[in-house]
Amino acid sequence: MAQKPQKPKRRSDIRHRDGAVQSPDASIAAVSQGRIGNWALLGGLTLLTLLVVFLDVRTGNDLRVVPLLVVVPALASVYCSLRQTIWVAVWITTVVVGFRAGADGTFWDFVFGIGFAVLACALGVAACAARIRHATEMARLRSAAVTLQRQILRPLPVVTDHVFAYGLYEPIEEDRFVGGDIYEVVESPYGTRVIIGDVQGKGLAAIGAGFAAIAAFREAAIREPTLTGVVQALEDAVVRHNEFSAQTGEAERFVTALVLGFDEGGRVEAVNCGHLAPRLLHDSRTSAVTLHRTSVPLGLAGLSREARTAESFDFPQGATLLVVTDGVTEARDATGAFYPLDERVVAWAGHGPRELLDALHGDLEEFSGGIRRDDVAALALHRAPAVTP
């Protein structure tokens, strides 16, 4: 028998699965840290210096090896912090100058040798500073995008009179792979309305299109008496956003979405705009919900002659409805195979909604080896227990 979910005590119980994701300040600070510890760097540099000095003594005046140490600051600039690189540069400059001072040669040999060593070490320090500055700028951009995305999407779980909505959400944080997965749960005079969707493409422009759809949904879900009216408002919002994007030189985008409506009855109303079908878990059994009237994604209604219509399906007491974005179904393993959601969810049929998402999250990470190519969003919707008068 399926486990009865515990009603969350407060809406601030956030279920965003951020894993080891750092805060924006921590992410920015991390880029200036070296990837080599101070003691490891000291030990390696000492051993390298002793080896080079030994070779220089063995070869004598025929081949001077010590001047080759000037390449070390350039290598350190790739893996070390700025302070570590400066310390390495000072060390190498001191070693080279000391050996140059005791070596045979003319005055100009000494001057040019020392000058070259100082220049090479200074360039290594400058390269390290440039690398850290660029990495810091990129970290700020990534943190701003991800923070914006998290702040606008509602924390989960959300409890209404009709459903308990639990969620799993993990955004991609690489700057060019910030996606546009969206979700929202709104309690209205006409029941609880839920949307989950995915914006075409990635980047900040995709986030903007997604947020335009969310804002329209929050308003229309309360205002519109019918679910098709809500979807029409979403269509208009995406079209307006595309018109604005075209004026600013951005590409137009569409949004795949599944819009659901819950009331006191035992059925769910759905309008599918090119999105993945939900999975129903009930009495230790799972099944894919068949939606026969899938329409075009939001923003593309002008390309279709068929109007969007709603259909309904059974959602019995104690059942859980799992809806996901393609970040789940299109996750790949090391061989390139797609994640078999329908096969895996069978083993979790008896889980409650929270445990279901725990299992999905852990299995997805193991399957993909922790490598995600797209946002991952999933909602586990459990019908609220009937209230006895």
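Coordinates for the structure precede this section.
Remember, predicted model here, so these are calculated numbers, not experimental data.

1. Considerations on helix α2 (residues 38–59)
In step 1: With 22 residues, α2 should cover 32 Å at 1.5 Å per step; its first-to-last C-alpha distance of 31 Å lies within 8% of that length.
In step 2: The set of residues buried in α2 consists of L41, L45, T49, V52, V53 and D56. Around the axis of α2, the buried residues are gathered within 100° of arc, so they sit on the same side. Turned more than 90 degrees away from the buried face of α2, the exposed residues are W39, A40, L47, L50, V57 and R58.

2. A closer look at the pattern of salt bridges
Where charged atoms from two side chains of opposite charge approach closely, those side chains can pair.
In step 1: Per the counting criterion, the structure on display carries eight salt bridges.
In step 2: In this structure, E235 engages R308 in a salt bridge whose closest nitrogen and oxygen atoms are separated by 3.1 Å. One end of the pair, E235, is in helix α7 (residues 227–247); the other, R308, is in the loop between β8 (285–288) and β9 (311–314), and 73 residues separate them in sequence. Residue E235 shares its accessibility class with R308, and that shared class is buried.

3. Describing the environment of F110
In step 1: By the secondary structure assignment, F110 is in helix α5 (residues 107–152).
In step 2: Judged by relative accessible area, which is 32%, F110 ranks as partly exposed.
In step 3: Separated by eleven residues in sequence, F110 and F99 place their C-alpha atoms 10.0 Å apart.

4. Remarks on the pairing of strand β7 (residues 279–282)
In step 1: Side chains R279 and L281 of β7 all project onto a buried face; the interleaved residues L280 and H282 project onto the opposite face, where all are buried too.
In step 2: Where β7 meets strand β10 (residues 320–324), three bridges bridge the pair, whose relative direction is antiparallel. Of the residues in β10, the one forming a bridge with R279 is L322.

5. Concerning the packing of aromatic side chains
In step 1: Within this structure, the stated rule accounts for four aromatic pairs.
In step 2: Aromatic side chains W87 and W91 sit 5.5 Å apart centroid to centroid with 50° between the ring planes, which places their arrangement in the tilted category. With a gap of four residues between them, W87 and W91 both fall in helix α4 (residues 82–102), about one helical turn apart.
In step 3: Exposure remark for W87: the relative accessible area of 36% places this residue in the partly exposed category.

Conventions used here
Numbers given to residues run from 1 along each chain, matching the order in which its sequence is written. Only residues with pLDDT of at least 70 get local features here, since the model is predicted, and only at 80 or more are side-chain atom pairs given and counted; chain-wide, interface and lining totals rely on the full set of residues. Hydrogen atoms and water are omitted, and side-chain values are computed over all heavy atoms in the structure. Runs of E in the DSSP output that reach at least two residues are strands. Runs of H or I that reach at least four are helices, and both are numbered from the N terminus. Helix span, as expected, comes to 1.5 Å for every residue beyond the first. Burial here depends on accessible area, computed with a 1.4 Å probe over protein chains only, as a share of the maximum for the residue type. Under 20% is buried, over 50% is exposed, and the range in between is partly exposed. Note that the arc is computed from the directions linking the helix axis to the C-beta atoms. Salt bridges, as used here, are contacts in which a Lys or Arg side-chain nitrogen is within 4 Å of a carboxyl oxygen on Asp or Glu. Strands pair, by our definition, only if DSSP identifies at least two bridges between them. In summary, the pairing rule links any two rings of Phe, Tyr or Trp, Trp by its six-membered ring, whose centres are within 6.5 Å, and it sorts them by plane angle into stacked for under 30 degrees, edge-to-face for over 60 and tilted for everything else.

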